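# Commentary on secondary and tertiary structure
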Amino acid sequence: MLGPQNAQDFIRALKASSDPPHVGGPFKIDIARDAWDNTLLYVPNKAEAIVEWLLTRLLKDKSKDRQSNPICDSRYWGLLRKVLVASGAEEHSDHNRALRAWLVPLLNRVPFAPVILSYLEYAAKEGSLDVAQYALVSQCIAILWPLAVPKFNPETLLECFGAAVQLVVVQGGPSLSDGGLQALDGHRALSLIVSSYRAALSNAGSKRKQLHTLFLQKHLHSWLQVAMRSGEGERGHPQLASDIYDAGIDTVYGLEVLKPAVDQKHDPALADALERTRKDDPSSVLRPLPRLFSSYVHAMRRHKGALFGQGSSQAPGQVADQVQSAAMAFYGVCDALARAGEGDAYWRCRVALLEVVERENLFNPKDDDVKALLRQDGDLAVEALANAWVAQQTSRTDNAVKVLAGLTRVDYDLMAASSAVIFPRLIAIPSTVTSASQYLQLLLEYESKTRNLPSLIAHICQAFSVPHLQRVPGGPKAAYGAASAGPLICLPFLDDLSRAVRGFLTPGQVLETIRDVSRILQDAYGLFLEREARLSADRGDGPRKKRKKEAPVSEDRTEPEYYAVSFALVARSMTVVLNSLPLHTLTEDGRLEAEKAISEVYSAVAARALGDGFLQSERREYWHWQTVVTGALCLHYGLASVTGLQQQVRLGQPILSAMISTVSKPGASSELVVEMFRTLLHQCSLDTLQPSDVLDKLLKLLESHLPSHKTIWSGKAHALSSEGEAAVALLHLLVDRWLPYFDAWSNPEHRKKFAQILTNAQVDECTHPASVLSATSVISRMLHDAEFWELLNIRDAFLAQINEQTSQLDEGDLSALLSQLKKKKSPCDTEDVLRFASAYDTLLLAPLEYLPRTLHVELLRRGLLADVLAFSTSQLSTKSTVSSRNLLVIREFLRRSIAYLGSIESVVSKEYLDYLVERTSTVAADEDLGTVTMELIDMYQGALVRAAKRGSASTVTDLLNRYIQTYADGVENIGHRAALLLVVSLVREGSATDFPEDVVEALRRLYKQMLAVGTKNYQLSSEAPLVLDVLETWSHVQTLRQWLKDEDSILPVFGEDLSRRLLTWSDDKEQLASLAPVVLAILLAEVQDAAPSERGGRLLYVIVAYLSLARSVQGGIALESRMGSTIRTFSPDDFSVILELVYDGLPLQRGLSSREIASLIRFSNAVLCNAPEGTSKICQSFTTRCLNLFANDERFTLDFDLRREVVDFLVRQSSDRVRFIDIDHRGHASDVVVCQPASLRTADLSSLWSLLRALLAGSPVHEQSTDVTVFHGVVNVLSALVRLRRDLVLNTLPHLGQVLRQLASCLRSLRPQLGGKQRRLVVDTLPRWLAPAQPLAGAESKALARLLTTLTTKTMVRVHGPAADAQKPEALARPFSKHAAGVLAAYVDAVNDPLCFVSAQVRRELQPGLFALCDMLGEHNRDAMMVSALDAGGKATMKALWREYEKQRYVGKG
């Protein structure tokens, strides 16, 4: 049936009582759509009629079920959108104003809000949102809402707002930053609803209380969920989430609501609503609660004038006190919610609430109620620490300590009275609870500032008393281990305590502290002796029962062990105090009295305990006596090393003899053994003891227990539980502290034994964490230390041992060994091979630069024989203990040596290369060994190719014939990889005309065999699996075709098919990462084979495929490097085209995302680094345009991904030596450094300086973590310009000075506990990439110092051509001397800034650069600078710097 033919029929059809109007006819929506699409049908005000019918239908039928509800029918919304858009409702024109004349009255007649409310409720109830339908509805809302909203009352807008919030909760995803919320607000429909509600709320007047009540009853839970998912301080959340949160805050904390809340101290309605919600969903209340509290404080301060008045009768500061009181009253409400449970979420909420109190400065010391409330929180935290050693309660313990730290930051006196309870509960906190160390640091800082360190020291000693140790379950040994690993004995805290005592203990407190420590130590040891005497009497130990070891069970049997633990812990902690006493601050009389008191401590405690423990041999067998002696030895060593003591602390010969005899006995604990050796070595340095016996015992222990490579040590003395760990600790002690003494004391036999210990130690691959020690890590650090190689005796003994251990290899002959290998005869014993491998294993830990070249070459020759012996022994002997790792070690040494020595023609052997190629298939199962083997083959083949280039071509020809036969046999083996490496070497070394004809001819035959194999193995069907080796072979076939200039053969083109399969890849991502570079290389090679008219399109496809694959492949380094190696063979025209295509995609307005543009910049870097010959002008033009683009759009310096790539681009284009990653045929990366002319020109300087200034400019917004690569990148750019392009810098020295001033300003750190405005004053001057909480460290300061020093270094401008010979080396010191004062002034301002500080490490590392500036400045310019540019504080800083400069300046006297 046909639709309406005239306007009357159309209107009647729409107003018919049934749908469809006629049985069997079209539905009304179809009639309306057809009428709108039919331009021949004239209906007066057609758009108005259709819109009115649509809105009426949506309104009347909004309550029907989903099947018949037009609100859930996309046809209605689609037609409504079509009519509105076609009618010009989206345009701002006269026609739009005419449409408003009928659209606004229509919206007044037909309410639009119920329709939207119904749709939002439906969308929030559905399991999955109809995205297409929602997009139509959003566009309709965006058009109609601004016209209809003036007639909506606040209650209606609140309902719409609540429905929008519920939709965000249901459909926004668990994290509102993952893109779900952006999709919901695509046309800003939800933003319009939220902003309309906020506007109506601000004008609601007396209705605000009613809206507040309705909001708490209906919408609080969903609003809290949005607040929970868009937490304060989290990055990446859209503006809509913030608008929703602010709208809720305006509703809950409006002025009309706050007034009665202030009178009643809190809002009972809000408190009740939060409590109800907490019972149903605790996390939705606890997580956003601190944010709500912070917003409450801000609201109170914003309305403080209306809430508290500003009358003249009020005292100064009274309003601030009232704000604090009201805020803390609401804190009580929040704190009650946070105390309602004991889970981790409740404790985290308490911590966050206290952070708000501290940040907003809400604590008033005069408010007793607030003090009581906060002390209750502290008492609960202290109670939670009662079982702090329980591993299952680590999270709770961590939060409890954070609560105490927060209270300490708010006001130290809040919990000062509980210190006697807190310290004992800290002793056994696990080391994983890092907040404990931070809390102790806070306490230490406060006590240092108040000069109350003796009280802190007393609390530490009291914490180790026996009653507190007995609370730790497991007995005295468990208590000793837990306390030794706790925060009070950890090295960071002891270091902080040492610095505090040295820097903040007053002269009047020194003697008092010594006496207090002496009394504590004597009391601890006296109690131990008392309990030990009681236990000895109980068990009957005496002359008549001397041999009796086991005592009968008694009630107090374990008490002496607890007292021994107490004494050992107190001695260890108090040793730090006594060792750090500031004796230099005392007068002469006071110093003598202090030394006397220290001597009394030694004689009354340390000497007495050592005598009691060592001189009675039966006591050495008991654990508690060994613990006491360990503590006494620690105390003795600390007192012996006190700086400033005029009298040396020496042990008597009986004790020393007893110690020497005890170290070798099996019953001694490992911790005691290490302490005894440390004390014995120290006594040897005082000439109290002959070192020979001590070194004998030490080396014997190392020789017996060090070889085990599985032994690791945490670095903590109490954790020493085996003789192997003790050996590692002793080796660490010897290497770290006593190695120079060992070099002087030892005889040749000692040094030889020590070298044997080093070479026989079974080293591993250092897979342990950096925090633990092993024999490998200790030996590696020693061999990397220049001090070891400067100790001639030890160095010569070590090298002699290496030489002797491998000298047996000189007797062998490589040809004979290979012949025996072919006959399957094992020519060597397993023990000999293991001895050879052990020597090379140790050598791998040493830098190759330290080995003498003669010995290095000899070891390389021996390594070839050791390789064959290790392989033959492992393969031919059934009982061999030689593993693949031993072979890997030898080949890795060969690889590193060949790479370091460079020229290997003297050791190149075709026989060895044949052995590697033939036998590699047997080691292919070990990936690491296979990789090293292929690198060795590549090095050897590269040397042979270079020899062939000079005329010695027979070896290369034989290799090519071997590989031809390998492909002809059709056997898949490792020889294919070697053939591909040989192809790469030949192509890399030059063109075909550079090699003899027989080599080229053999290569042509290899090319044909590879082409046949590649064509046979590859199938074009989409089901065929992608095999990496096959694709690699085909890629090298394409490379050979270009190199040989073979125009006859036509290669099939299937690169695009391969790329499509990768773009839809759903299997293993690692396999995708290995296949993607090869496929891109195939695509690029096909570009060169294509017709000139098709190359532009193919190159564009390559770039698009690269961007798509870069999103899937992590990092993308392999992609760019492999493509770069292919681009080197491009013609200049093709190279220019690909750069043009890259540049076209760089502008941000072209539609690519920031990550894709970052990938393009990274790709352009790889392209420029691998530019073909004759393309320098093309590279320079591209660089200029890129620099101009980056400088003209600040987003390139603001976005994280873009900024990092832009900095890398600047670094690469300003330097002539570019380091990039080269990827071989198996996907293995290696560093390659290529030389290229710098691309920068004079025309680029304006953009360059603009970019550098923008990178270092201040920003009001900062990232969460500091990106130090930006700082180092800027320094590297300036360093390259100063070294290589002095001609460019000379014309822009003011710009250089300005950037250096900015760099110096970046070294500042914020002072702690700054106010909001003070913090903002400093933070706004820091660049965006510099997080205020993570200031720059010494490494960055050292880099800047190197740059400043480079200014005084004479260099030559890097130019090419005849002008290079006429140059003279010059420096920028004299030209830059006029600008040095500005850089120094920037440093002085940074040091003197009252809101900042420059750390001591930063100042120390920067000194060489500052001295270079002082050298340029001269005394005349210094005086002018002092007068004109510096204030009083600046002058003092400058004078101090100049004095340091004068001390080190060379004055020509020697």
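Please refer to the structure placed before this passage.
These remarks concern the structure in this document.

### With respect to the nonpolar core
- L1300 and L1303 are the most contacted members of the largest nonpolar core, which totals 477 residues.
- The dominant element in this core, judged by the number of residues it contributes, is helix α29 (residues 559-579), at 13 residues.
- Beyond its immediate chain neighbours, meaning those up to four positions away, L1303 contacts L1256, F1271, V1274, V1275, L1278, L1344 and L1347.

### Points about the packing of aromatic side chains
- For the coordinates displayed, the defined rule picks out 36 aromatic pairs.
- Seen from their ring centres, Y296 and F330 are 4.3 Å apart, and the 20° between their planes marks the pair as stacked. Linking Y296 in helix α16 (residues 289-302) with F330 in helix α18 (residues 318-338), this pair joins segments that are 34 residues apart in sequence. A single burial state applies to Y296 and to F330, both of which are buried.
- For the ring pair F788 and F798, a centre distance of 5.7 Å and an interplane angle of 80° mean the geometry is edge-to-face. Pair noted here: F788 is in helix α38 (residues 786-790) and F798 is in helix α39 (residues 792-806), with a separation of ten residues, a long-range link.
- Within the aromatic cluster, the residues linked to one another by ring pairs are Y253, F293, Y296, F330 and Y331.
- Against the face of Y1143 rests R1185, its NZ or CZ located 4.5 Å from the ring centre.

### Regarding α39
- For α39, spanning 15 residues, the distance from its first C-alpha to its last is 21 Å, which sits close to the expected 21 Å at 1.5 Å a residue.
- Listed as buried for α39 are I794, A797, F798, L799, Q801, I802, Q805 and T806.
- The inward-facing, buried residues of α39 contact α35 (723-745), α36 (748-760), α37 (775-783), α38, α41 (830-843) and α42 (853-876).

### Quick word on helix α14 (residues 268-280)
- With 13 residues, α14 ought to run about 18 Å at 1.5 Å a step, and its terminal C-alpha atoms sit 19 Å apart, in line with that.
- Among all positions in α14, only L270, A271, A273, L274, T277 and R278 are buried. Buried residues of α14, viewed axially, fall in a sector of 165°; they line one side. Turned more than 90 degrees away from the buried face of α14, the exposed residues are K279 and D280.

How each quantity is defined
- Residues numbered from 1 in each chain as written.
- Predicted model: local features only at pLDDT ≥ 70, side-chain atom pairs only at ≥ 80, totals over all residues.
- Heavy atoms only, no water.
- Core = buried A, V, L, I, M, F, W, Y, C linked by side-chain atoms within 4.5 Å.
- Buried < 20%, exposed > 50% of the residue type's maximum accessible area, 1.4 Å probe, protein only.
- Helix = DSSP H or I, 4+ residues; strand = E, 2+ residues; numbered from the N terminus.
- Contact = heavy atoms within 4.5 Å.
- Phe/Tyr/Trp six-rings, centres within 6.5 Å; stacked < 30°, edge-to-face > 60°.
- Lys NZ or Arg CZ within 6 Å of the ring centre and 35° of its normal.
- Expected span 1.5 Å × (residues − 1).
- Arc of directions from axis to C-beta.

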